[in-house]
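# Reading the structure
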Amino acid sequence: MDSLKDEIDRGITIKSASVTLNYLVKKALFDEKDRPIHPIKVAGDVGSQEDSDEHLPLQVNLIDSPGHIDFNAEVTAALRVTDGALVVVDAIEGKAVQTEEVLIQALKEGVTPVLMINKVDRLIIEKQLSPDEVFDRMQCVIDDVNDFIATHQMKNLPDQRVSLLQGSVCFGSGYFGWACSIDGILDRLHNVAKERAQLRKSLAKRDHFIKNVIIPIVRMHRACGVLPVLKKEKSELDRVSRVNELLSRIPWSSNLRLSRKDNDSSHTEPRKFLKKVMMEWLPAADALV
């Protein structure tokens, strides 16, 4: 949301900027006390009456605040009018020094943090880590952030540490426009509230998370051509067929399938094709909201 000339020239945020986003969210994700009393008008096509009965409108006021140490006053002002803070941490570099400073400010203001582990694509494409190694690296980032939160959080407030199990951790790639969280996957797997808690606990376990989440994501990168395709993964198929064949084997991929027009000349470069597929398969908004 950087719009000032200095922000564009320098590639940094100088002034806080806000934007209002409207979503339709499943009623099951709202506590009764949190459900809006007055309806919020959501622009665009909200679908059928059945869809509107199953969903409630959610309005998110997002504030993009500066990360540079010279503009801490902007961060402090933003934190005093927010309910939560989205803390973005590089999957490879880990939390930066300024991230720690901003996190301290958030904790002092009693703002609940949500962790977004960014640049997971670099672990897969550049580092070419195995699914187990990708999970272990993400867990290291989570543990590092939680150790910091435990040290600096206010003692009179509830525990503000983050976890995959609670749904307060999501991961993805800003460059490729995708993100994933346990809640986003559960929404696609099952709608029964009684079984949701059991599925959540099962999915959050290391082996299950690697098998059901990390491995399909790594295979999708192979299917799109940014990684070498293994012989056992039907390398003779074109990439649209490979992607559709993979989607058909992933239980939480809903009914998403690519059409032949998705293989047009504008997406010939594997990274462009990967971005298109990932944005349709794992849209970042679904994970973050």
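### Looking at a nonpolar patch on the surface
There is a patch of nonpolar side chains on the surface, built from Leu86, Val88 and Leu288 and spanning about 240 Å² of accessible area. Tracing the chain through its elements places Leu86 in strand β3 (residues 84–90). The partly exposed category is assigned to Leu86, whose relative accessible area is 45%.

### Quick look at the pairing of strand β4 (residues 112–118)
Here is the key point about a regular strand: its side chains alternate between the two faces of the sheet. Within β4, five of the seven residues are buried, which leaves the element mostly enclosed by the surrounding structure. Pairing analysis gives seven bridges linking β3 to β4, with the strands arranged parallel. The residue of β4 that forms the bridge with Val88 is Met116. Taken together, β3, helix α4 (residues 97–108) and β4 form a β-α-β motif whose crossover is right-handed.

### Examining the packing of aromatic side chains
Following the criterion strictly, the structure yields five aromatic pairs and no others. Each ring, one from Phe171 and one from Trp178, has its centre 6.1 Å from the other, and the planes form 90 degrees; the classification is edge-to-face. Here Phe171 and Trp178 have matching classes, each one buried. In this structure an aromatic cluster arises from ring pairing among Phe135, Phe171, Trp178 and Phe209. Above the plane of the ring of Phe273 lies Arg239, whose end atom (NZ or CZ) is 4.1 Å from the centre. Here the guanidinium or amino end of Lys275 rests over the ring plane of Tyr175, the centre of that ring lying 6.0 Å away.

### Some words on helix α10 (residues 239–248)
The buried fraction of α10 amounts to eight of the ten residues, a majority that puts the element mostly inside the structure. On its buried face, α10 sits against α9 (206–223) and α11 (270–281).

### Details of the pattern of salt bridges
Throughout the structure, instances matching the rule amount to twelve salt bridges. Of the charged contacts, one joins Asp207 and Arg206 as a salt bridge, the two residues approaching to 3.7 Å between their closest N and O atoms. Each of the salt bridges in this network shares a partner with another, and the network as a whole consists of Asp132, Asp136, Arg206 and Asp207.

### Focus: the packing of α10 against α11
Angle between the axes and distance between the axes are the two parameters that describe a pair of packed helices. At a closest axis distance of 12 Å, the pairing of α10 and α11 adopts a crossing angle of 30 degrees. Looking at the two axes, α10 sits roughly parallel to α11. Helix-helix and strand crossings are classified by hand; for α10 and α11 the assignment is right-handed. Of α11, the residues touching α10 (which contributes Arg239, Val240, Val243 and Leu247) are Pro270, Phe273, Val277 and Trp281. A breakdown of the residues in the contact of α10 with α11 according to their chemical character gives seven nonpolar, no polar and one charged.

Quick notes on the rules
- Residues numbered from 1 in each chain as written.
- Predicted model: local features only at pLDDT ≥ 70, side-chain atom pairs only at ≥ 80, totals over all residues.
- Heavy atoms only, no water.
- Patch = residues over 30% accessible without salt bridge, like charges linked within 9 Å, V, L, I, M, F, W, Y side chains within 5 Å.
- Areas by Shrake-Rupley, 256 points an atom, 1.4 Å probe, with all protein chains shown as cover.
- Salt bridge = Lys/Arg side-chain N within 4 Å of Asp/Glu carboxyl O.
- Helix = DSSP H or I, 4+ residues; strand = E, 2+ residues; numbered from the N terminus.
- Buried < 20%, exposed > 50% of the residue type's maximum accessible area, 1.4 Å probe, protein only.
- Pairing = 2+ DSSP bridges.
- Right-handed = clockwise from strand over helix to strand, strands pointing away.
- Phe/Tyr/Trp six-rings, centres within 6.5 Å; stacked < 30°, edge-to-face > 60°.
- Lys NZ or Arg CZ within 6 Å of the ring centre and 35° of its normal.
- Contact = heavy atoms within 4.5 Å.
- Axes fitted to C-alpha atoms, helices over the stretch in contact; angles between N-to-C directions.
- Parallel < 35°, antiparallel > 145°, perpendicular 65-115°, else oblique.
- Left-handed = near helix turned anticlockwise from the far one by under 90°.
- Nonpolar A, V, L, I, M, F, W, Y, C, P; charged D, E, K, R; others polar.

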